[in-house]
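So the chains spell out like this:
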Amino acid sequence: MGNSCTSETLEDKEERLKNRRIEDLLRKHKQAFDHEVKILLLGAGESGKSTVFKQMKLLQDNEFDHETIQSMKEIVRDNIVSNLLAILRSSKILNVKLEHPEEAEKYISYKIGLTKWTQETYKLTKMLWEDSGVKETLKIDDPKRMIGDSCSYFFDALDRIGEKDYVPTNEDVLRARVRTTGLQEARFKIGKFEFLLCDVGGQRNERRKWIHVFDNITSVLFCTSLTGYSEVLREDFNTIRMEESMNLFSEVCRSPHFKKASIILFFNKFDLFNEKIKTTHLNTFFQDYQGNNESEEAITYITEKFLNAGVNKFKKKRDIFSYTTTAVDTKNIKYIFSSVSNTIMQQALEGIDMI
Ligand SMILES: Nc1nc2c(ncn2[C@@H]2O[C@H](COP(=O)(O)OP(=O)(O)OP(=O)(O)O)[C@@H](O)[C@H]2O)c(=O)[nH]1
Ligand SMILES: [Mg+2]
């Protein structure tokens, strides 16, 4: 009766057929495919690796463990203080007039990580967040201002977060920013497949540790932040984040360690990019971009740049599977990962000469 009696889309159908093909192959070659599927999350600092890692844990267990939630309480409040400090310092540099300059001076003396969250901290934070000068400063796009991606989200929830018996929600945990140092690992299952997911720190000084996790990698999941086109690195104000990410991606694709690994590329922070591109033109930072201030055209250009950078050591283009993602959105990551896991398995099977 044709397509009218089913709601299955063409993409769903392709995915289902791909799934079945992999299952048939796995059944047929059960013995041969006995090694662990190891996925390594790579990418520069703040590209979203740990957020993807947290999502996978959440999707596996349906909730974060008590210890994680408790530890996030202080981290979320610390994120709020450090974001407001960054805005206040920026307003000074940009000469933006504040309604509460004395309170701002007091706030600037706060030490991130050492400031105990009291009723006074909450009141001062709220007063300054509502200051028209703070709002004006936020509107000015300054590549050197280190304001976290979750700044507006946390400030919008300030009353809830300020309460004495505040307990972080799942979304708060996903939005909290903690720089990764060292390595975190988690095992999880998608359908019939078992995966080991490894998360490492992406800032320059952390990358020296990457070599320790390079053995037997089935797949590299490389995260890059779409909003990085107009931001400089925290560790080097002279380098644009997207340029750094592209160079890093090129190194990863050329590395002999990942010769056999499949390469998955996440163009992350799509939600923020979609907003940013309307006011901050890509052409200001990438002068060869001739397109409009519009996300689809801009992403096509960025994708092309990354795919061109993704060559092996013989300068031959590698097969790269790219996705546009919003890592803080659980539904989005769940959807994307079911497709990613199939791609990874298919590539792994091809790698052991089965397809
Ligand atoms: N709005 C939004 N925020 C995101 C997205 N992905 C990540 N973030 C936020 O960006 C910040 C940095 O993300 P992380 O996952 O810690 O980045 P990372 O790559 O692990 O960084 P390092 O550990 O320093 O290498 C966190 O506050 C996340 O909540 C996204 O798609 N959208
Ligand atoms: Mg991290």
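Scoring rules and cut-offs
- Residues numbered from 1 in each chain as written.
- Chains lettered and ligands numbered in written order.
- Predicted model: local features only at pLDDT ≥ 70, side-chain atom pairs only at ≥ 80, totals over all residues.
- Heavy atoms only, no water.
- Phe/Tyr/Trp six-rings, centres within 6.5 Å; stacked < 30°, edge-to-face > 60°.
- Helix = DSSP H or I, 4+ residues; strand = E, 2+ residues; numbered from the N terminus.
- Buried < 20%, exposed > 50% of the residue type's maximum accessible area, 1.4 Å probe, protein only.
- Donors = N, O, S within 2.8 Å, 3.2 Å for Na, K, Ca; no water.
- Expected span 1.5 Å × (residues − 1).
- Domains from an automatic or database assignment.
- Contact = heavy atoms within 4.5 Å.
- Buried area = accessible area lost by both parts, 1.4 Å probe.
- Near = heavy atom within 4 Å.
- Polar contact = N/O pair within 3.5 Å; in protein donor to acceptor, adjacent residues only side chain to side chain.
- Areas by Shrake-Rupley, 256 points an atom, 1.4 Å probe, with all protein chains shown as cover.
- Nonpolar A, V, L, I, M, F, W, Y, C, P; charged D, E, K, R; others polar.
- pLDDT = per-residue confidence, 0-100.
- Arc of directions from axis to C-beta.
- UniProt positions renumbered as here; feature names shortened; annotations may be inferred.

For the protein chain, an unreviewed UniProt entry supplies the name Guanine nucleotide-binding protein g(O) subunit alpha and the organism Anaeramoeba flamelloides.

*Asks:* Please clarify how the packing of aromatic side chains should be interpreted in this entry.
*Replies:* Any aromatic ring pair is given by two values, namely how distant the centres are and how the planes are angled relative to each other. Evaluated as defined, the whole model comprises 14 aromatic pairs. When the centroid spacing of 4.0 Å and the interplanar angle of 15° are considered together, the rings of tryptophan 129 and phenylalanine 155 count as stacked. Here the residue tryptophan 129 occupies a position in helix α5 (residues 119-129), and phenylalanine 155 occupies one in helix α7 (residues 151-156), the gap between them amounting to 26 residues. Exposure remark for tryptophan 129: the relative accessible area of 10% places this residue in the buried category. With relative accessibility at 4%, the residue phenylalanine 155 sits in the buried group. Taken together, the ring pairs connect Phe222, Phe249, Phe267 and Phe306 into an aromatic cluster.

*Asks:* Hey, could you run me through the coordination of the magnesium ion (ligand 2) in this one?
*Replies:* Six octahedral donors at a metal ideally form angles of 90 or 180 degrees, and four tetrahedral donors ideally form angles of 109.5 degrees. Only Ser50 (OG) and Thr180 (OG1) from the protein reach the magnesium ion (ligand 2) as donors, at distances of 2.0 Å. Taken together, the residues serine 50 in helix α2 (residues 49-61) and threonine 180 in the loop between α9 (170-175) and β2 (183-190) connect sequence positions 130 residues apart. Across the pair, threonine 180 and serine 50 agree in class, each one buried.

*Asks:* How should I be thinking about α2 in this particular structure?
*Replies:* Taking 1.5 Å of rise per residue, 13 residues should cover 18 Å, and α2 covers 19 Å from first to last C-alpha, within 8% of that figure. Of the residues one or two after α2, asparagine 62 is the one with positive phi, at around 70°.

*Asks:* Explain the domain arrangement of the protein chain here, please?
*Replies:* Interfaces are often sized by the amount of accessible area the parts lose when they come together. According to the domain assignment, the protein chain consists of domain 1 (12-18 + 27-45 + 180-346) and domain 2 (66-175). Placing the centre of domain 1 and that of domain 2 at their C-alpha centroids yields a distance of 30 Å. Every contact between the two is made by 15 residues of domain 1 and, on the other side, seven residues of domain 2. Here domain 1 packs against domain 2, burying approximately 980 Å² in sum over the two surfaces, 56% of which is carbon and sulfur.

*Asks:* Before we go on, may I ask you to explain the site of ligand 1 in this structure?
*Replies:* Near ligand 1, the surroundings consist of 25 residues, among which Lys49, Thr51, Leu174, Thr180 and Gly202 are the closest. Separating an oxygen atom of ligand 1 from a side-chain N or O atom of aspartate 149 is a distance of 3.2 Å. Considering ligand 1 on its own, with 660 Å² of exposed area, one finds that the protein chains cover 99% of that surface. Elements with a minimum of two residues in the shell around ligand 1: α2, α9 and α11 (270-279). The element that contributes the greatest number of residues to the shell around ligand 1 is α2, accounting for three residues. When grouped by side-chain class, the residues that make up the shell around ligand 1 number six nonpolar, 11 polar and eight charged. Each of domain 1 (12-18 + 27-45 + 180-346) and domain 2 (66-175) contributes no fewer than three residues to the shell around ligand 1.

*Asks:* I keep staring at the confidence of the model for the protein chain and nothing clicks. Help me out?
*Replies:* Low pLDDT means the predicted coordinates in that region are not meant to be read closely. Per-residue pLDDT for the protein chain has a mean of 89; in total, 92% of the residues score no lower than 70. By mean pLDDT, helix α1 (residues 10-28) is the weakest element of the protein chain at 72, and α9 is the strongest at 98. Below pLDDT 50 for its whole length, residues 1-5 participates in zero contacts with residues either more than four positions away or in separate chains.

*Asks:* Would you take a moment to explain helix α4 (residues 101-108) for this structure?
*Replies:* Turning to α4, its buried residues number three or more, namely Ala104, Tyr107 and Ile108. The buried side chains of α4 occupy one side of the element, clustering within an arc of 100° when seen end-on.

*Asks:* Just checking my understanding: could you explain the UniProt feature "binding site: Mg(2+)" (unreviewed entry) in the protein chain for this structure?
*Replies:* UniProt feature "binding site: Mg(2+)" (unreviewed entry): in the numbering of this structure it lies at Ser50 and Thr180. The largest pairwise C-alpha distance within this set of annotated residues, which runs over 131 residues, is 7.5 Å, so the set is compact in three dimensions. Setting aside chain neighbours within four positions, we find serine 50 in contact with Thr180, Gln184 and Asp199. Here the side chain of serine 50 touches threonine 180 through a polar contact of 2.7 Å, side chain to side chain. Once residues lying within four places of it in the same chain are set aside, the contact partners of threonine 180 are Ser50, Asp199, Val200, Gly201 and Glu206.

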